Amino acid sequence: MARPKMETERKAQILDALERIVLRDGLAKLTLAKVAEEAGLPRSLLRYFAGNKIDLVLLLFDRMIERGEAKLEQLEQVKQGSLSARQLVDLVLDELLGDEDLSLMVDELWPYAALDERIQERLRGLYQRLCHELSNLMAADGIGNSDQDRERRAYGIVSMGFGATFFADIGFMPSDPKAVRKAAHQLLLSDGTD
């Protein structure tokens, strides 16, 4: 059994290599041999520390979720300085959903989410937390008619940002680059009636 520090270092080495491959070539062309070569490790060590291809993908998904959670933590720390709901929307669109590498990785990994309920739960928790933070700031800013109204608006904002990120990956973008931001801000300002 490997020492805990060595195991952590090897997994990080493997995941760094895996991330470079996914960003460069995508998951479709991923092989254990490529990851081992990129990591500078024998394939047997790769399998020992990270398992098979599905195990690798799940480890990478965990890493991306942790990265998203860390970004959300940073947003919450910034919020301590009396951030408005509008400012948080901008930060979410720029820092969390606007991180091109993170978005590309999530795009590549998304189909694998169906393989692991634990990952589905963590993703759901991450996005629920994001919506909750937006909703709380809307309440503090006097936006919305009720908690349900604010939650609906927050869900719409996160969905728009998330969708725009995926659309950008296929080159489907609005003629106005600020369209999603403007629509998100309009959701904050609307009277909430349908």
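Please read these numbers as outputs of a predicted model, since none were measured by experiment.

Taken as a whole, the largest pocket holds about 540 Å³ of empty space. Together, 21 residues line the largest pocket, and Ala164, Thr165, Ala168, Pro177 and Val180 are the ones closest to its centre. Element by element, the count of residues in the lining of the largest pocket is highest for helix 8 (residues 147-169), at six residues. The space that makes up the second largest pocket amounts to roughly 210 Å³. Residue lining of the second largest pocket: Trp110, Arg124, Tyr127, Gln128, Cys131, Tyr155, Val158, Ser159, Phe162 and Gly163, and that is the complete set. Ranked by the residues each element gives to the lining of the second largest pocket, the list is headed by helix 8, at five residues.

Once that is clear, we can look at empty space enclosed by the protein. Left-over empty space is what a probe sized like a water molecule reveals as it rolls over the atoms. Per the counting criterion, the structure on display carries one cavity of 30 Å³ or more. Estimated volume of the largest cavity: approximately 190 Å³. Lining the largest cavity are 15 residues, and of these Leu97, Leu102, Val106, Tyr127 and Phe162 sit closest to its centre. Those elements giving two or more residues to the lining of the largest cavity turn out to be helix 4 (53-79), helix 6 (100-109), helix 7 (117-140) and helix 8.

Per the UniProt annotation, the sites labelled "transmembrane region" (unreviewed entry) are residues 154-173. A helix fraction of 80% and a strand fraction of 0% characterise residues 154-173, whose end C-alpha atoms lie 22 Å from each other.

So, on to the environment of valine 35. Tracing the backbone through its elements, the reader meets valine 35 in helix 2 (residues 32-39). In this structure the C-alpha to C-alpha distance between valine 35 and glutamate 19, which are 16 residues apart in sequence, comes to 9.3 Å.

This part is about the packing of aromatic side chains. Scanning all chains against the criterion turns up four aromatic pairs. Connected via pairs of aromatic rings, a cluster forms that spans Trp110, Tyr127 and Phe162.

In this model helix 5 (residues 85-96) runs 15 Å from its N-terminal to its C-terminal C-alpha over 12 residues, within 8% of the 16 Å that 1.5 Å per residue would give. If you check which residues of helix 5 are buried, you get Ala85, Leu88, Val89, Val92, Leu93 and Leu96. Looking straight down helix 5, one finds its buried side chains confined to an arc of 135°; they lie on one side.

Considered for burial, the residues of helix 6 that qualify are Leu102, Ser103, Met105, Val106 and Leu109. Seen from one end, helix 6 has its buried residues packed into an arc of 165°, which puts them on one side.

Take the domain arrangement of the protein chain next. Often the size quoted for an interface is simply the accessible area lost on bringing the parts together. Domains assigned within the protein chain are domain 1 (1-51) and domain 2 (54-189). Just the C-alpha atoms count here: the centres of domain 1 and domain 2 sit 28 Å apart. Contact residues are listed per partner, giving 17 residues for domain 1 and 14 residues for domain 2. Of all residues in domain 1, Glu19, Leu23 and Leu27 give up the largest surface area on contact with domain 2, accounting jointly for 43% of the area buried on that side. Salt-bridge contacts for arginine 67 lead to glutamate 19; the nearest nitrogen and oxygen are separated by 2.7 Å. Our enumeration of links across domain 1 and domain 2 arrives at five residue pairs in polar contact (both at pLDDT 80 or more). Looking at the side of domain 1 that touches domain 2, the elements with two or more residues in it are helix 1 (4-25), helix 2 and helix 3 (43-50). With eight residues, the single largest contributor to the side of domain 1 that touches domain 2 is helix 1.

Calculation rules
- Residues numbered from 1 in each chain as written.
- Predicted model: local features only at pLDDT ≥ 70, side-chain atom pairs only at ≥ 80, totals over all residues.
- Heavy atoms only, no water.
- 1 Å grid on protein atoms, 1.4 Å probe; cavity = no way out; pocket = protein on both sides within 12 Å on 5 of 7 lines; lining within 4 Å.
- Points joined across faces, edges and corners; volume = space filled by probe spheres on them.
- Helix = DSSP H or I, 4+ residues; strand = E, 2+ residues; numbered from the N terminus.
- UniProt positions renumbered as here; feature names shortened; annotations may be inferred.
- Phe/Tyr/Trp six-rings, centres within 6.5 Å; stacked < 30°, edge-to-face > 60°.
- Expected span 1.5 Å × (residues − 1).
- Buried < 20%, exposed > 50% of the residue type's maximum accessible area, 1.4 Å probe, protein only.
- Arc of directions from axis to C-beta.
- Domains from an automatic or database assignment.
- Contact = heavy atoms within 4.5 Å.
- Buried area = accessible area lost by both parts, 1.4 Å probe.
- Salt bridge = Lys/Arg side-chain N within 4 Å of Asp/Glu carboxyl O.
- Polar contact = N/O pair within 3.5 Å; in protein donor to acceptor, adjacent residues only side chain to side chain.

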